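# Inside the fold
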Amino acid sequence: MRLLDTSTARFCHIDNAKQAVYAILSHVWDHIDGEQSLQDILEIHEYTQRNPRDIVTETDEACPAALTILSAKIRDCCVFARVNGYRYAWVDTCCIDRTSSAELSEAINSMYEWYSQAAICYAFLEDVDDSENPRAVNSRFRRSKWFRRGWTLQELIAPAEVLFLSRDWQILGTKDTLADVIEEITGIDREVLTHRQSLDAVSVARRMSWAARRETTREEDEAYSLMGIFGVHMPTIYGEGRKAFVRLQREILEHCPDQSIFAW
């Protein structure tokens, strides 16, 4: 597992998610302007080592100069985590080498565990400001695209603590304090959200229903994003299309005696 040092913007490796205390980011990818990758950050580090005078100097202690190489989203995540006492952060866009199919597959199979082992998960809602009440009937919080994405389902359920943050990194609430609202938005029982009820106690059909209205950019991710929800593992093969979901169903049937999957 690769973590980002929130002070130096350097990467460090750990063999097990339990070996470090870290914050983890949950967000919706920007497919228009793009996201900063592992290679982007490594290249910038190399450049600034060769040209140290080119790096912008920050006077704000909360944002060391090293963090200026990061994109706004990753930088703000590191700053927020650092101010709140976390030395390390994990961000999927830059902490996975997506040019390596082996590393990508391992990361996808490990992601539920990584979110569950995180000290805290920051759910960054870039389409929500902090000027409204999330509980309001027509609030932007309720309509956030974060609640419609496939990957954020496990990112909502797995962590013990989820902190919802506005586009300006202001606190909107926690998974516990907003559990009743989130249950209305997602259909996920608040007992599951707050870890008072285990996923194993929820039928396969019920868990599948949580993902029914969620979307993924890649067709295969409809299946891959649900592996952690059902506690199964399988190789990721981008390009297989709908076959990924067939393989997921087979894995579920192999590991779970619940026949409600047929009703689904």
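Residues numbered from 1 in each chain as written. Predicted model: local features only at pLDDT ≥ 70, side-chain atom pairs only at ≥ 80, totals over all residues. Heavy atoms only, no water.

An unreviewed UniProt entry annotates the protein as HET-domain-containing protein of Lentinus tigrinus ALCF2SS1-6.

Interpretation of this model should avoid reading the predicted coordinates in detail wherever pLDDT is low. On average, the protein scores 91 in pLDDT, and the residues at 70 or more come to 92%. The low-confidence segment residues 55-59, where pLDDT is below 50, has 12 contacts with residues more than four positions distant or belonging to other chains. (pLDDT = per-residue confidence, 0-100. Contact = heavy atoms within 4.5 Å.)

In the structure shown here, the tally under the stated rule is 13 salt bridges. Glutamate 126 is the salt-bridge partner of lysine 145, the closest N and O atoms lying 3.3 Å from each other. With lysine 145 in the loop between helix H5 (140-143) and helix H6 (152-157) and glutamate 126 in the loop between strand E5 (120-124) and H5, this residue pair connects regions lying 19 residues apart in the sequence. Taking the shortest distance from any N to any O, the salt bridge between arginine 206 and aspartate 189 comes out at 3.5 Å. Here arginine 206 is found in helix H9 (residues 204-210), whereas its partner aspartate 189 is found in the loop between helix H7 (179-186) and helix H8 (190-193), with 17 residues between them in sequence. (Salt bridge = Lys/Arg side-chain N within 4 Å of Asp/Glu carboxyl O. Helix = DSSP H or I, 4+ residues; strand = E, 2+ residues; numbered from the N terminus.)

Here the focus is the sheet that holds E5. Taking strand neighbours across the sheet as the criterion, the 7 strands line up as E2-E1-E4-E3-E5-E6-E7 in an open arrangement whose pairing is mixed. Whereas interior strands pair on both sides, the edge strands pair on one side only; in this sheet they are strand E2 (11-13) and strand E7 (171-174). On average, adjacent strands in this sheet sit at an angle of 30° to one another, irrespective of strand direction. Here strand E1 (residues 2-5) pairs with strand E4 (residues 88-90) via 2 bridges, running antiparallel. If you follow leucine 4 over to E4, its bridge partner there is alanine 89. Sheet contacts for helix H4 (residues 101-117): E1, strand E3 (22-26), E4 and E5; angle to E3, the most-contacted strand, approximately 110°. (Pairing = 2+ DSSP bridges. Axes fitted to C-alpha atoms, helices over the stretch in contact; angles between N-to-C directions.)

On to helix H12 (residues 243-255), then. Taking 1.5 Å as the rise per residue, H12 with 13 residues should run 18 Å; its terminal C-alpha atoms sit 19 Å apart, in good agreement. Buried residues of H12: Ala244, Phe245, Arg247, Leu248, Glu251 and Ile252, and no others. Across the axial projection of H12, the buried residues extend over an arc of 155°, all falling on one side. Seen from the buried face of H12, the exposed residues on the opposite side, beyond 90 degrees, are Lys243, Arg250 and Glu254. (Expected span 1.5 Å × (residues − 1). Buried < 20%, exposed > 50% of the residue type's maximum accessible area, 1.4 Å probe, protein only. Arc of directions from axis to C-beta.)

Attention shifts here to the domain arrangement of the protein. In terms of domain boundaries, the protein breaks down into domain 1 (2-197) and domain 2 (198-263). Taking only C-alpha atoms, the centre of domain 1 and the centre of domain 2 are 24 Å apart. In this assembly, 24 residues from domain 1 lie in contact with 24 residues from domain 2. Carbon and sulfur atoms make up 53% of the area that domain 1 and domain 2 hide from each other, which totals about 2000 Å². Among the residues of domain 1 in contact with domain 2, Asn109, Leu153 and Gln197 are the three that bury the most area, contributing 27% of the side total. (Domains from an automatic or database assignment. Buried area = accessible area lost by both parts, 1.4 Å probe.)

We now examine the nonpolar core. Within the largest apolar cluster, 84 residues are counted, with the highest numbers of intra-cluster contacts made by Tyr22, Trp90, Tyr122, Phe141, Phe164 and Leu248. When near neighbours in sequence (up to four residues on either side) are disregarded, tyrosine 122 contacts Ala23, Ile24, Leu25, Ser26, Cys77, Phe80, Ala81, Asn84, Tyr86, Leu163 and Leu165. (Core = buried A, V, L, I, M, F, W, Y, C linked by side-chain atoms within 4.5 Å.)

Attention now goes to the layout of surface pockets. The gaps of empty space that remain are located by a probe, the size of a water molecule, rolled over the atoms. Here the largest pocket defines a volume of roughly 460 Å³. Forming the boundary of the largest pocket are 20 residues, of which Trp29, His31, Arg98, Trp151 and Asp221 lie nearest the centre. Taken together, the elements giving at least two residues each to the lining of the largest pocket come down to H4 and H6. Per-element tally for the lining of the largest pocket: the top contributor is H4, with 3 residues. (1 Å grid on protein atoms, 1.4 Å probe; cavity = no way out; pocket = protein on both sides within 12 Å on 5 of 7 lines; lining within 4 Å. Points joined across faces, edges and corners; volume = space filled by probe spheres on them.)

Moving on: the environment of valine 137. The residue valine 137 is located in the loop between E5 and H5 in this model. The sequence separation of valine 137 and arginine 247 amounts to 110 residues, and the corresponding C-alpha distance is 39 Å.

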